[in-house]
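Report on the structure
The chain contents come next:
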Amino acid sequence: MKEIQNNIIKELKNRIELSEKPLIITHYNPDGDAIGSILAFYHYLVKKGKNPFMVSPNDYPEFLHWMPGNENVTVYKRNTGTVTNAIRDADLIIALDFNNFERTEGLEKYLNESKAVKVMIDHHPDPSDFADIAISDIQYSSTAEMVYHVIESLGDEDLIDKNIAECIYCGIMTDTGSFNYNSSNPYTYLVVSKLVGFGIDKDRIYWNVYDNFSADRMRLLGYCLHKKMEVFPEYHAAIISITKDELKEFNFAPGDSEGFVNLPLSIKNIRFTAIFIERDKQIKISFRSKGNFSVNKFAEENFNGGGHKNASGGYSYVSLDETLKKFRELLPKYQTELQNAL
Ligand code: 5GP
Ligand code: MN
């Protein structure tokens with residue numbers, strides 16, 4: 001694994017030592033890696049004698065609430081004044097699992113105006129230049145794995161404990177689909193081996209995240225696969241779409257559609273999938289792929305988004321029907337690329 005440059009680590013160490021008001025923040029709609037990373041870094045800073053303020057831009061699914069320290073996360077959407085004040089007062093801002101302030105969906109103005117020293121720890125491509133201290137590397141499975149590496153590089157591996165290990169493990173597990181993708185780097189397993197050594201209960205972590213769904217969610221999943229999946233064999237693609245009315249019918253709760261987008265990839269010869277979810281003012285889209293088809297490029301070129309090569313997302317601002325029509329019409333343009341992806 002690429003070492004983090006010495007001068008960057010020195011600067012980070014120094015800034016952490018000097019900081020009286022550190023703030024840790026992640027992206028909108030945080031996933032397991034986002035929450036696992038901020039909590040792991042939170043516990044680390046507490047062990048360094050700090051009192052960090054943790055921010056999530058919006059609420060996140062209940063299956064992430066079990067992680068130690070979760071009760072100390074402040075959700076911006078429900079505490080706007082508290083969070084903007086904390087950003088204004090912070091002297092060190094640590095941004096985890098995103099590389100562009102726009103991913104906070106509403107806090108970019110406050111973050112840009114803040115005089116704090118800004119740190120980025122992230123594994124997405126194409127970082128923006130907001131950070132004074134940028135640790136950005138797409139080779140890592142997850143930001144949580146990077147947090148381990150950063151703590152190790154800061155010479156503080158001995159401060160890692162079971163709480164930190166559980167949060168980091170959750171980040172790695174969720175961002176790799178339980179070691180299914182993004183996990184071909186041997187370093188990931190070195191870290192996991194050490195985490196397991198802290199006595200974490202990895203089976204329980206799996207149950208907490210993946211076996212914690214409501215009956216409504218399972219019924220929505222069945223409905224989507226039976227009635228709402230469209231397969232395009234000639235393009236090796238399959239999609240699912242969900243309307244606002246359908247969300248209501250199945251008492252949709254945040255996180256209920258988590259993982260749906262991956263499922264059609266289990267169909268033989270399917271290597272490109274998308275899910276379209278109708279929201280109040282836009283359509284939120286997630287893309288997944290196998291092999292060389294770059295869904296971040298696809299999202300960027302066509303749907304105002306981005307992300308990783310095999311997992312990306314974006315938005316559409318026309319109706320769901322028009323969005324689906326646009327998607328279907330785009331497929332022929334990518335036929336050759338899709339054919340050669342595997
Ligand atoms: P998900 O489909 O799980 O929401 O997102 C998968 C990945 O795509 C995320 O890790 C994130 O990197 C990226 N992503 C999702 N939505 C967006 C978006 O609207 N813009 C950008 N730039 N990336 C996104
Ligand atoms: Mn991540």
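Residues numbered from 1 in each chain as written. Chains lettered and ligands numbered in written order. Predicted model: local features only at pLDDT ≥ 70, side-chain atom pairs only at ≥ 80, totals over all residues. Heavy atoms only, no water.

1. A word on the overall build of the chain
Looking only at helices and strands, the chain has 13 helices and 12 strands in total. For a compact globule of 342 residues, the expected C-alpha radius of gyration is about 20 Å, and the chain comes in at 20 Å, within 12% of that figure. Dimensions of the chain along its principal axes, counting C-alpha atoms only, are 55 × 45 × 40 Å. Looking at the chain as a whole, 53% of its 342 residues are labelled buried. For the chain, restricting intrachain contacts to residue pairs at least 6 apart in sequence, the fraction spanning at least 24 positions comes to 65%. (Helix = DSSP H or I, 4+ residues; strand = E, 2+ residues; numbered from the N terminus. Rg over C-alpha atoms; globule rule 2.2 N^0.38 Å. Buried < 20%, exposed > 50% of the residue type's maximum accessible area, 1.4 Å probe, protein only. Contact = heavy atoms within 4.5 Å.)

2. Brief notes about the pattern of salt bridges
For the coordinates displayed, the defined rule picks out 15 salt bridges. Between Asp 201 and Arg 204 there is a salt bridge, and its shortest N-O distance comes to 3.5 Å. Since its relative accessible area comes to 44%, Arg 204 is described here as partly exposed. For Lys 325, the salt bridge identified is with Glu 329, shortest N-O distance 3.3 Å. Here Lys 325 and its partner Glu 329 are both found in helix 12 (residues 320-330), 4 residues apart, which amounts to about one turn of the helix. Shared partners join several salt bridges into a network, and the residues in it are Glu 152, Glu 157 and Lys 194. (Salt bridge = Lys/Arg side-chain N within 4 Å of Asp/Glu carboxyl O.)

3. Some details on the sheet that holds strand 8 (residues 237-242)
Spatially, 6 strands are ordered 7-8-9-10-12-11 in an open sheet, and the strand pairing comes out mixed. Each edge of the sheet is formed by a strand with only one pairing partner; in this case those strands are strand 7 (229-232) and strand 11 (306-307). Sheet topology places strand 10 (residues 283-289) next to strand 12 (residues 311-316); 6 bridges connect them, and they run antiparallel. Bridging from a neighbouring strand, Phe 287 pairs with Ser 312 of strand 12. Contacts from helix 9 (residues 215-227) reach strand 7 and strand 8, with the element oriented near 130 degrees to strand 8. (Pairing = 2+ DSSP bridges. Axes fitted to C-alpha atoms, helices over the stretch in contact; angles between N-to-C directions.)

4. Brief notes about the sheet that holds strand 4 (residues 92-96)
Judged by pairing direction, the sheet is parallel, and its 6 strands sit side by side in the order 3-2-1-4-5-6 without closing on themselves. Two strands bound the open sheet, and with one partner strand each, they are strand 3 (73-75) and strand 6 (133-136). Between one strand axis and the next, the sheet turns through 20 degrees on average, direction left out of account. The sheet contacts of helix 5 (residues 143-153) involve strand 4, strand 5 (117-122) and strand 6, and relative to strand 5 the element is tilted by about 120 degrees.

5. Regarding the site of ligand 1
Around ligand 1, 14 residues are found, and the nearest of them are His 124, Lys 284, Ser 286, Arg 288 and Gly 306. Within the side chain of Lys 284, one N or O atom sits 2.7 Å away from a nitrogen atom of ligand 1. Here a nitrogen atom of ligand 1 sits 3.0 Å away from a polar atom, N or O, in the main chain of Gly 306. Within the complex, 78% of the 500 Å² of free accessible area of ligand 1 lies under protein. Mapped onto the shell around ligand 1, the elements with two or more residues apiece are strand 10, strand 11 and strand 12. Per element, the largest residue contribution to the shell around ligand 1 is 5 residues, and it comes from strand 12. Tallied by class, residues from the shell around ligand 1 come to 2 nonpolar, 9 polar and 3 charged. (Near = heavy atom within 4 Å. Polar contact = N/O pair within 3.5 Å; in protein donor to acceptor, adjacent residues only side chain to side chain. Areas by Shrake-Rupley, 256 points an atom, 1.4 Å probe, with all protein chains shown as cover. Nonpolar A, V, L, I, M, F, W, Y, C, P; charged D, E, K, R; others polar.)

6. Thoughts on the domain arrangement of the chain
On domain assignment, one finds that the chain holds domain 1 (6-210) and domain 2 (215-339). For domain 1 versus domain 2, the separation of C-alpha centres amounts to 27 Å. On the side of domain 2, 10 residues touch domain 1, which itself brings 9 residues to the contact. Here domain 1 packs against domain 2, burying approximately 730 Å² in sum over the two surfaces, 49% of which is carbon and sulfur. Of all residues in domain 1, Pro 61, Phe 63 and Pro 125 give up the largest surface area on contact with domain 2, accounting jointly for 35% of the area buried on that side. At the junction of domain 1 with domain 2, the criterion picks out 0 salt bridges. Linking domain 1 to domain 2 there are 2 residue pairs in polar contact (both at pLDDT 80 or more). (Domains from an automatic or database assignment. Buried area = accessible area lost by both parts, 1.4 Å probe.)

7. What to know about the environment of Trp 207
By secondary structure assignment, the location of Trp 207 is in helix 8 (residues 202-210). Through-space distance from the C-alpha of Trp 207 to that of Ala 86 is 34 Å; in sequence the pair is 121 residues apart.

8. Structural notes on the pairing of strand 4
Each regular strand displays side chains that alternate between the two surfaces of the sheet. Counting buried positions over the 5 residues of strand 4 gives 5, a clear majority of the element. Every second residue of strand 4 is oriented toward a common face, with Leu 92, Ile 94 and Leu 96 on one face and Ile 93 and Ala 95 on the other, all of them buried. Pairing of strand 4 with strand 5 involves 5 bridges; the strand directions are parallel. Looking at strand 5, one finds that Ile 93 is bridged to Lys 118. In terms of handedness, the path from strand 4 via helix 4 (residues 108-113) over to strand 5 forms a crossover that is right-handed. (Right-handed = clockwise from strand over helix to strand, strands pointing away.)

9. Some thoughts on the packing of helix 6 (residues 162-175) against helix 7 (residues 186-197)
The N-to-C vectors of helix 6 and helix 7 enclose an angle of 145 degrees; their axes lie 10 Å apart at closest approach. The two elements helix 6 and helix 7 cross, and the hand of that crossing is left-handed. Facing helix 6, whose interface residues are Ala 165, Ile 168, Tyr 169 and Ile 172, helix 7 presents Thr 188, Val 191, Val 192 and Leu 195. Its residues placed into classes, the contact of helix 6 with helix 7 shows 7 nonpolar, 1 polar and no charged. (Left-handed = near helix turned anticlockwise from the far one by under 90°.)

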